Structures are given as C-alpha cells and as structure tokens.
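# Structure assessment
Below, each chain spelled out in residue letters.
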Amino acid sequence: MGLLVPFAPGGAQRLRAFLQLLNGNLAGADKVGTVHDMRFVFLDNDTKLLFATAYDGEWDPYIDDFATKIPDSMDILFSNFEGWPGIRNPEVKDWIVKHQITAEARYVANDLTVAEIRRVTRVGKLLDEFLDKLGG
C-alpha cells in the first residue's frame, strides 16, 4: 500500500523529529502482526510524504488491526497530515483511500507471511542451539 499525503503545517518537522527520536525503531508495528515493512519518504521540500508498506492479507483487516492494536501510535504519526480524522473515526478508511496510490510494479522475494518468517527464525535458532550442544 502506498499513500501520498500532504503535511499539516509543521507536520514534516514534527514527524521527522519523532522518527529521529525513535532512531528507526518502529517495532510497535509488530503488534499488528502482518506488517513486513514501512517506509516514510519526505517529498517536495517537506510538503508531502510517501508512506509505503507491505503486509499480509486483506486491506480492511490490516487497517482494522492498526485501529485496534496501536491506535495511539497511529494518531501520533498521522496527525502530522492534513485532514487526518483519527484512527478511531469511522471515516478514516475513506481518508486513506483518498490518498492511496497504486504501484506500477511490485516484486516480492518470497511468499512467506510475517508469522511464518518468525516461526522459521525461531526454529532455526533452536536448531542452531541443538547442533551447538551436539558439537560441543
């Protein structure tokens, strides 16, 4: 999903400072459970932002998960954009669709879900520990 959104007055400065304060750690999105990645790209002399994300599943449940699992974080991030209604507002999906842009092309290196990737990682670590014990 991609959004191209205009900043509210002072929004670019606030968002940039907030993202720098987090030092790139947006691990709170892990609570959603389906997010592969997110990108925040400041454009046109800090007048617009390109927000791009990849996720598992369908769009409606993905947005619903943000609204129920990390609503305060969403409002902190997105309150920097013109017209943000708030994640709890029933019109939020309309606002998102209004600013949504479609990619002309997309490449995905694998088809594993976030949950599958986490499981494979855990199994790999356990296997490494087991092999270390056998070898040591």
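In this text the structure is predicted, and so the values were computed from the model without any measurement. (Residues numbered from 1 in each chain as written. Predicted model: local features only at pLDDT ≥ 70, side-chain atom pairs only at ≥ 80, totals over all residues. Heavy atoms only, no water.)

## A word on the pairing of strand 2 (residues 35-43)
- Two elements, strand 2 and strand 3 (residues 48-55), share 8 bridges in a ladder whose sense is antiparallel. By the bridge assignment, Asp-37 is partnered in strand 3 with Ala-54.
- The turn linking strand 2 back onto strand 3 is made up of 4 residues, and Asp-44 within it adopts a positive phi angle of 45 degrees. (Pairing = 2+ DSSP bridges. Helix = DSSP H or I, 4+ residues; strand = E, 2+ residues; numbered from the N terminus.)

## Remarks on the pattern of salt bridges
- One pass over the structure, following the stated rule, counts 8 salt bridges.
- With a shortest N-O distance of 3.5 Å, Asp-75 and Arg-88 are connected by a salt bridge. With Asp-75 in helix 3 (residues 71-78) and Arg-88 in the loop between helix 3 and helix 4 (92-99), the pair connects residues that are 13 residues apart, well separated along the chain.
- Given a relative accessible area of 54%, Arg-88 falls into the exposed group.
- Members of the salt-bridge network, linked through shared partners, are Asp-60, Asp-64 and Lys-93. (Salt bridge = Lys/Arg side-chain N within 4 Å of Asp/Glu carboxyl O. Buried < 20%, exposed > 50% of the residue type's maximum accessible area, 1.4 Å probe, protein only.)

## Some thoughts on the nonpolar core
- Counting 28 residues, the largest nonpolar core has Leu-15, Leu-49, Phe-78 and Phe-81 as the members making the most contacts within it.
- Going through the elements one at a time, strand 1 (2-6), helix 1 (11-22), strand 2, strand 3, helix 2 (59-69), helix 3 and helix 4 are the ones with two or more residues in this core.
- Tallying contributions element by element places helix 2 first for this core, with 4 residues.
- Setting aside residues no more than four positions away along its own chain, Phe-81 makes contact with Val-5, Pro-6, Phe-7, Ala-8, Leu-15, Leu-49 and Trp-95. (Core = buried A, V, L, I, M, F, W, Y, C linked by side-chain atoms within 4.5 Å. Contact = heavy atoms within 4.5 Å.)

## A word on a nonpolar patch on the surface
- Among the surface-exposed residues, Leu-127, Phe-130, Leu-131 and Leu-134 lie close enough to one another that they form a single nonpolar patch of about 410 Å² accessible area.
- Mapped onto the secondary structure, Phe-130 falls in helix 5 (residues 114-135). (Patch = residues over 30% accessible without salt bridge, like charges linked within 9 Å, V, L, I, M, F, W, Y side chains within 5 Å. Areas by Shrake-Rupley, 256 points an atom, 1.4 Å probe, with all protein chains shown as cover.)

## Remarks on helix 3
- Listed as buried for helix 3 are Pro-71, Met-74, Asp-75, Leu-77 and Phe-78. One side of helix 3 carries all its buried residues, which in axial view fall inside an arc of 165 degrees.
- In this structure, the buried residues of helix 3 make contact with strand 1, helix 1, strand 2, strand 3, helix 2 and helix 4. (Arc of directions from axis to C-beta.)

As far as function goes, none of this settles anything; it's purely spatial.
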